[in-house]
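Notes for the structure review
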Amino acid sequence: MSSDLASRVLSVLRACHQGREQVSLHEPCFGGRENDYLRECIDSGWVSSVGTFVDRFEQMLADYTGVRRAIAVVNGTAALHCCLRLIGVRQDDEVLVPALTFVATANAVAYCGAVPHFIDSSDATLGLDPGKLGDHLKEIATVTADGCRNNRTGRRISAVIPMHTFGHPVDMDPLVDVCKRYRLELVEDAAESLGSFYKDRHTGSWGRVSALSFNGNKILTTGGGGAILTNDTALADRAKHLTTTARTQHPWEISHDAVGFNYRLPNLNAALGCAQMEQLPGFVANKRSLAERYRQAFQGMAGIRLFTEPAFAKSNYWLNVLLLEKENAFERDRILELTRTSGMMTRPAWNLMPTLPMYKECPRMDLSTAESIASRLINIPSSAFL
Ligand SMILES: *Cc1c(COP(=O)(O)O)cnc(C)c1O
């Protein structure tokens, strides 16, 4: 029976997308005022690094996510990099990062001259497991006057970056607890979770600073783009300053008071962002109803199921996830091959960070759950218009 699991998955996907020959994994939807706003930008001449759409987009993001301030930047990776600089991640620090994430989370740590330290995932959320993290720190770390120290490497552990995997929130309450106990800064990688809530609060509002992404495949897109979220207004001012080349205020003199970044989001991209933000509640609703259709369609199928949001969360279901049972993991590649060659775009999870050549030598804990999840996970088509 199990030998035809791949064809059964394919026929369920086909049934869910009747009348569509080719279904891609994730496509943007431009069904709102995108053209009007872009034209307004071009007609006004304000297409680049200054303009009213940037301010408007930042305000819309802050209002939607419930944080005090949002700072728009060129992409999510730049947002993460800047977040780590803002909280003072130093050369040779360690930063706790999930092993199961997109490479940008670990890269942002490396850009600071710091070392990612890889953490296992939870079966319930797909994100990092706060319980296992607490146990790990108990074994390897001591809290000193300078913060948390890794007894094995001698390095300071300065921060932890939970990532809300495919839109499903990490269990934040126990993680906040671990951060307090070990004096760790909390930075959320909320690149995939715009529209997702943990309990009553939006993801990205728990960390001291957080990063969003508006890349072409995310729930909403600005072409390329990202944002930093924070409730700390002084840090927000610092973020704006650092991402706009740290230029000092003066009517005509051109001067800079730090090594800043040219990370600001152009007005043209922000215009697209404003039009997309107006549609975000609709995108989330459509994605949640697609997830429910998938859940029902796969309900009766042995060996595989749709991953659904944890009880404490309301997820945006950015990319829907099929999880094979452990004993069916060997069928993953055949399912990927059959669906992809039949026009139903699917893909596996990212290779775990410590398998990548540049992160092979980095510290890590036992990663058995992340390894298991990665071997059994398949993303299926999830565009908001489906
Ligand atoms: C998309 C993504 C990013 C980075 O976003 P870009 O805008 O592509 O730089 C970071 N982390 C995660 C988990 C992502 O999915």
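Each remark here, short or long, concerns the structure printed above.
Let us look at the structure shown here. Please read these numbers as outputs of a predicted model, since none were measured by experiment.

Before going further, it helps to spend a moment on helix α10 (residues 332-341). Taken together, the buried positions of α10 are Arg332, Ile335, Leu336 and Thr339. Take α10 and look down its axis: the buried residues cluster within an arc of 100 degrees, on one side only. The exposed set on the far side of α10, more than 90 degrees from its buried face, consists of Glu337 and Thr341. Where α10 is buried, its residues touch α1 (5-16), β12 (304-306), β14 (320-324), β15 (347-348), α11 (368-376) and β16 (377-380). Trailing α10 by a residue or two, Gly343 shows a phi angle of about 90 degrees, which is positive.

Side-chain pairs of opposite charge can arise whenever the charged atoms involved come near each other. A full pass over the atoms with the stated rule returns 18 salt bridges. Here Arg152 and Glu139 are joined by a salt bridge, their closest N and O atoms 3.0 Å apart. Separated by 13 residues along the polypeptide, Arg152 in the loop between β5 (147-150) and β6 (156-160) and Glu139 in helix α6 (residues 130-140) bring together distant segments of the chain. Residue Arg152 is classed as exposed on the basis of its relative accessible area, which comes to 59%. One network of salt bridges, in which partners are shared, links Arg90, Asp146 and Arg149.

Hydrogen bonding along the main chain pairs the strands of a sheet, whether they run parallel or antiparallel. Read across the open sheet, the four strands follow the order β12-β14-β16-β15; overall the sheet is antiparallel. For this open sheet the edge positions go to β12 and β15, each flanked by a neighbour on one side alone. As paired elements, β14 and β16 share four bridges and run antiparallel to each other. Paired with Asn320 across the bridge in β16 is Ile380. Sheet strands touched by α11: β14 and β16. Its angle to β16, the strand with the most contacts, is close to 50 degrees.

Attention now goes to unusual backbone geometry. Of note, Ala246 is a non-glycine position whose phi angle comes to about 55 degrees, a positive value. With respect to the helices and strands, the residue Ala246 is situated in the loop between α8 (233-243) and α9 (267-298). In this structure Ala246 comes out as buried when scored by relative accessible area, which is 0%. At Tyr317, a position not held by glycine, the phi torsion is positive, near 45 degrees. Note on placement: Tyr317 falls in the loop between β13 (313-314) and β14.

Before going further, it helps to spend a moment on the pairing of strand β3 (residues 115-119). Of all five residues that make up β3, five are buried, and the element is covered over most of its length. The two faces of β3 match: Val115, His117 and Ile119 on one face and Pro116 and Phe118 on the other face are all buried. Relative to β3, strand β2 (residues 94-98) runs parallel, the two sharing five bridges. Within β3, the position partnered with Val95 by the bridge is Pro116. Crossover handedness for the path β2 to helix α5 (residues 103-111) to β3: right-handed.

A word on the nonpolar core. Core analysis: the largest hydrophobic core is formed by 61 residues, its most contacted members being Leu84, Phe118, Leu133, Leu137 and Ile228. Sorting elements by how many residues they give to this core places helix α4 (residues 76-86) first, with seven residues. The contact partners of Leu137, leaving out residues within four places of it in the chain, are Leu96, Ile157, Val178, Tyr182 and Leu184. Core analysis: the second largest hydrophobic core is formed by 46 residues, Phe53, Leu229, Trp350 and Ala370 among them.

Strand order in the open sheet made by the three strands is β9-β8-β13, with antiparallel pairing throughout. The open sheet terminates on both sides in strands that have one partner only, identified here as β9 (201-202) and β13. Bridge analysis of strand β8 (residues 197-198) against β13 gives two bridges, and the strand direction is antiparallel. Within β13, the residue paired with Tyr198 across the bridge is Ala313.

Definitions and limits used
Residues numbered from 1 in each chain as written. Predicted model: local features only at pLDDT ≥ 70, side-chain atom pairs only at ≥ 80, totals over all residues. Heavy atoms only, no water. Buried < 20%, exposed > 50% of the residue type's maximum accessible area, 1.4 Å probe, protein only. Helix = DSSP H or I, 4+ residues; strand = E, 2+ residues; numbered from the N terminus. Arc of directions from axis to C-beta. Contact = heavy atoms within 4.5 Å. Salt bridge = Lys/Arg side-chain N within 4 Å of Asp/Glu carboxyl O. Pairing = 2+ DSSP bridges. Axes fitted to C-alpha atoms, helices over the stretch in contact; angles between N-to-C directions. Right-handed = clockwise from strand over helix to strand, strands pointing away. Core = buried A, V, L, I, M, F, W, Y, C linked by side-chain atoms within 4.5 Å.

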